[in-house]
Amino acid sequence: MGENLVIVESPAKAKTIEKFLGKGFIVKSSFGHIRDLAKKDFGVDIKNQYKPIYIVPEDKKKIVSELKKFKKNAKLVWLASDEDREGEAIAWHLSEVLGLTEENTRRIVFHEITKNAIQSAVENPRKINYNVVQAQQARRVLDRLVGFQLSPLLWKKIKPSLSAGRVQSVAVRLLVEKEREILNFKTSSSYKVSAIFSFLDPDGKQVEIQAELSRKLKDLDEARDFLTQCGLASYEIARLATKSLKRSPAPPFTTSTLQQEAGRKLGFSVAQTMSVAQKLYEAGKITYMRTDSVNLSSLALNTAKKVIDEEFGNKYHQFRKYQTKTKGAQEAHEAIRPTYLENKDIDGPAAGVKLYNLIWKRTMASQMSNAEIEKTTATISISNMPDVFTATGEVIKFDGFLKLYSVTTDEDSVSGSKTILPPLREGEKLHYEMITASEKFTQPPYRYSEASLVKKMEELGIGRPSTYAPTISTIQNRGYVVKEHLDGNERDIVVLEMTDGKVKESKKAEKYGRERSKLVPTDIGMVVNDFLTEHFKSIMDYNFTALVEKEFDEIASGNLEWVKMIDRFYSDFNTRVEKTLKESEKTTGERVLGIDPASGEEVLVKVGRYGPLAQLGKVREDYKPRFASLRKDQRIETISLEEALDLFKLPREIGNFENNSMIVAISKYGPYIRHDGKFYSLEKQDDPLSINSERAIEIIRIKREQDSKKVIKTFSENENLKILNGRWGPYISYEKKNYKIPKNDNPEELSLENCLTIIANSKKKKSAKKK
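Predicted, not measured: the structure shown is a model, and the values here were computed from it.

*Asks:* I would appreciate a short explanation of the overall build of the protein in the present structure.
*Replies:* Check the secondary structure of the protein and you find 19 helices and 28 strands. Taking the principal axes of its C-alpha atoms as reference, the protein extends roughly 100 × 85 × 70 Å. The contacts of the protein with a sequence gap of at least 6 include a subset with a gap of at least 24, amounting to 69%. Surface summary for the protein: the accessible area is close to 41000 Å², and the carbon and sulfur share equals 48%. For the protein, the distance from the average site of its 128 positive side-chain charges to the average site of its 109 negative ones is 6 Å.

*Asks:* Help me understand the packing of helix H8 (residues 255–266) against helix H9 (residues 270–282) in this model?
*Replies:* Packed helix pairs are specified by the crossing angle of their axes together with the interaxial distance, meaning the distance between the axes. In contact at an axis separation of 9 Å, H8 and H9 are set at 115° when each is read in the N-to-C sense. In this structure, the crossing between H8 and H9 has a hand that is right-handed. Contacts between H8 and H9 involve Thr255, Leu258, Gln259 and Ala262 from the first element and Val270, Thr273, Met274 and Ala277 from the second. Within the contact of H8 with H9, the residues separate by chemical class into 5 nonpolar, 3 polar and no charged.

*Asks:* I tried to follow helix H12 (residues 450–460) on my own but got confused; where do I start?
*Replies:* For an α-helix the count is 3.6 residues per turn, leaving residues at separations of three or four pointing the same way. Those residues of H12 lying buried are Glu450, Ala451, Ser452, Leu453, Val454 and Met457. Each element contacted by the buried residues of H12 is listed here: helix H6 (166–183), H8, H9, helix H13 (468–477), strand S13 (481–486) and strand S16 (515–521). Just downstream of H12, Gly461 is the residue with a positive phi angle, here 75°.

*Asks:* Help me out: how do you make sense of the packing of aromatic side chains in this one?
*Replies:* Here a ring pair, both rings aromatic, is described through the centre-centre distance and the interplanar angle of the planes. Applying the stated criterion across every chain yields a total of 14 aromatic pairs. With centroids separated by 6.1 Å and ring planes inclined at 50°, the aromatic side chains of Phe536 and Phe573 adopt a geometry described as tilted. With Phe536 in the loop between helix H14 (523–535) and helix H15 (542–556) and Phe573 in helix H16 (residues 562–583), this pair connects stretches of sequence that are 37 residues apart. For Phe536, a relative accessible area of 2% translates into the label buried. Exposure remark for Phe573: the relative accessible area of 4% places this residue in the buried category. Note on Tyr672 and Phe679: the rings are 5.4 Å apart at their centroids and 65° apart in plane angle, and the pair reads as edge-to-face. Taking relative accessible area as the criterion, Tyr672 reaches 16% and is therefore assigned buried. Note on Phe679: relative accessible area 52%, which makes it exposed.

*Asks:* Is there a simple way to explain the side chain of Ser30 in this structure?
*Replies:* Secondary-structure assignment places Ser30 in the loop between strand S2 (25–29) and strand S3 (36–37). Looking at Ser30, its side chain comes within polar contact range of the main-chain oxygen of Gly32, at 2.8 Å. Those residues in contact with Ser30, other than ones at most four positions away along the chain, are Ile7, Val8, Glu9, Lys60, Ile63, Leu67, Ile90 and Leu94.

*Asks:* Help me out: how do you make sense of the nonpolar core in this one?
*Replies:* Most often, soluble globular proteins keep nonpolar side chains buried together rather than apart. Counting residues in each nonpolar core, the largest one holds 160 residues, and the members touching the most others are Phe110, Leu355 and Ile673. Tallying contributions element by element places helix H5 (residues 130–157) first for this core, with 11 residues. When neighbours within four sequence positions are excluded, Leu355 is seen to be in contact with Leu258, Ala262, Leu266, Phe268, Thr273, Val276, Ala277 and Leu280. By size, the runner-up hydrophobic cluster in this structure holds 32 residues, among which are Phe199, Phe226, Leu430 and Met498.

*Asks:* Looking at this structure, how should I read the pairing of strand S12 (residues 429–441)?
*Replies:* Residues in a regular strand point their side chains to alternate faces of the sheet. Here strand S7 (residues 189–200) pairs with S12 via 10 bridges, running antiparallel. If you follow Ile196 over to S12, its bridge partner there is Met434. Across 2 bridges, strand S9 (residues 235–247) lies against S12 in antiparallel orientation. Considered in S12, the bridge of Glu236 is made with Lys429. In terms of strand pairing, S12 meets strand S14 (residues 489–499) through 4 bridges, oriented antiparallel. By the bridge assignment for S14, Ala437 is matched with Leu496.

*Asks:* Just to check I follow, could you spell out unusual backbone geometry for this structure?
*Replies:* Peptide bonds are mostly trans, and most non-glycine residues show a negative phi. With an omega of -5°, the peptide bond between Leu650 and Pro651 qualifies as cis. Among the structural elements, Pro651 can be located in the loop between helix H17 (641–647) and strand S21 (652–657). The backbone of Asp500 sits at a positive phi, close to 55°, despite the residue not being glycine.

*Asks:* It is not clear to me how the sheet that holds strand S17 (residues 591–595) should be interpreted in this structure. Could you clarify?
*Replies:* The strands making up a sheet are joined through hydrogen bonds of the backbone, oriented either antiparallel or parallel. If you walk across this open sheet you meet the 4 strands as S17-S18-S19-S20, and the pairing is antiparallel. In this open sheet, the two edge strands, each paired with only one partner strand, are S17 and strand S20 (626–629). Taken pair by pair, the neighbouring strands of this sheet meet at an average axis angle of 25°, ignoring direction. Pairing between S17 and strand S18 (residues 602–608): 4 bridges, direction antiparallel. Each bridged residue has a counterpart across the sheet, and for Val592 the counterpart in S18 is Leu604.

Cut-offs applied
- Residues numbered from 1 in each chain as written.
- Predicted model: local features only at pLDDT ≥ 70, side-chain atom pairs only at ≥ 80, totals over all residues.
- Heavy atoms only, no water.
- Helix = DSSP H or I, 4+ residues; strand = E, 2+ residues; numbered from the N terminus.
- Contact = heavy atoms within 4.5 Å.
- Areas by Shrake-Rupley, 256 points an atom, 1.4 Å probe, with all protein chains shown as cover.
- Lys, Arg positive; Asp, Glu negative; His and termini not counted.
- Charge placed at Lys NZ, Arg CZ, Asp CG, Glu CD.
- Axes fitted to C-alpha atoms, helices over the stretch in contact; angles between N-to-C directions.
- Left-handed = near helix turned anticlockwise from the far one by under 90°.
- Nonpolar A, V, L, I, M, F, W, Y, C, P; charged D, E, K, R; others polar.
- Buried < 20%, exposed > 50% of the residue type's maximum accessible area, 1.4 Å probe, protein only.
- Phe/Tyr/Trp six-rings, centres within 6.5 Å; stacked < 30°, edge-to-face > 60°.
- Polar contact = N/O pair within 3.5 Å; in protein donor to acceptor, adjacent residues only side chain to side chain.
- Core = buried A, V, L, I, M, F, W, Y, C linked by side-chain atoms within 4.5 Å.
- Pairing = 2+ DSSP bridges.

Below is the structure:
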């Protein structure tokens, strides 16, 4: 009875904590939650209150048995799960499953894994906060109610295997509304006028400055007339204005801002950011990574001052105490920061090093001085018109925090310096070198990236720091949203250039609509969104979702009973589900495109059992409709009649090769060639409607060559075993499983016996890891 048993959620966290505890402590992992709500019946009973039924999953029963053995020999059990609601719920589940009592149980929390933090937590234990547990329980039950009742409804009214969720459905709505805003955007053009002026400085050297007209011109005729008049005018600097500006640093990272900035600066997905941050936290490198607080501890503030003074000088330090503005902030009590600010760099995997460096810079910059900037604006008059040109420039007088860090946005970045103007004087006469009027088109809104979607969700109060990453992953995994690189299109713009009094007109190609890693709703995502928005307005309402989060906060604070909150929601929700099930029609997002000129049949597009498709004709006794899958780059809301009719030209035969026909067709995975019972995917640049036999043969031969290089060795004694060449090097493929070949082994010299030995050893290693 001498041991103290400490239980945490993960082996990595256990390993780090164990270093800071003295003798008499043994640290074990629960590997996350050790019980969950029963899948089929989790105790929803309006009349007899809500009594959720929890079970220990099969894969956790061995872990529970092992923890019970250690508990028998422990005088105290310390529950050291994370300090957010999820962690508090894990502590409660452990207490229930292991049969712990208040006398032999201590609950400890810390927001960083350091020796001081761990020892302080042990010296100041507390009890499990059941209000926080109930807030987490309310969230789980409410989300199950929504998901378990809406998902089967979608199966019946749209198509099988669909799902809905309280937060995920609202996130999809944001993306659908943005996409429709873009689709309905009406582009208009105007002309932007810019000029290059020159003058002689006091040394007689010619100096140039760039300026822009303070307004845009509405059309080509006005632009042409304006440039003609400019050729007859004289120019001078009518006014100079200098303004001193100060730029302040951003506060330290919260979960949301870390996800946004890692996406923009490092190209990390939200899920990747949280995965890497989790590992950094468990290794004791950073503080807890699920937080909506921007506060820094006194120790962190003092350490930051010391490091800044040593690294940059004391003029670069400015003490700042940030206040958390998020109402109901309930996660950790400090911003995300390095546990040891004096450590500028760390060792480890590249992704972890990059993210740590970003966190370190942001934290240090938050305690640095303002940047001091001088902005100069020169107003240039035109002698024969009231219009003016404007030239602006910025000079950084003191870089302050910009020496270390600058914040980015989706559309631009704040750089350290901009155009610098040469010394100017009011009344200075200028000579124009060139004046240009370029056609500019209005731009539709930008689509959401993962980072900007997190920002919008936070602004609307949808979800909490712990839910952003799983929500965005879920809507992509469900097929409601895809992350795409959009190549954009090309168009001609008109450019007028005036030099020496002569106006020259030309056309230039302009690329537009190019976006990288943006979230785009799929057809099925839009159909599901429309169905839910029509029949479940409250669930899909942004204010409702934010209100629910506030009610969870009230439950966590002890100001609201979770059962009453669920009961109030469920009564109306259940009635609405039953009414929709009885009264609503099956929906497919059907859109009629027109009539096929050849057959006279109606052409429509809709969501079918296996995805979006085009349909030619409707079911009649004497007519069977034809169907064709939409291509990956086609959408129900934007496809034209001509594009849909082209789909019915497939499959088409384009010739023979090696006495077998080559058939071009489209599946839900994209266009392909079928030849001799095998399938060959078309490249992105290949059009299935125009590809010829020569190109098809080339694709077949290229694929065959790749396949031949893939197979290193086969064995006649065992045809199921092959040595293949993969993306990450040679490996053994056997019975639909892959096995890594040791570095010192030559793949080409391996015998069948050698391969079977490698497979056996690999299975032993996996078995040992599981234990």
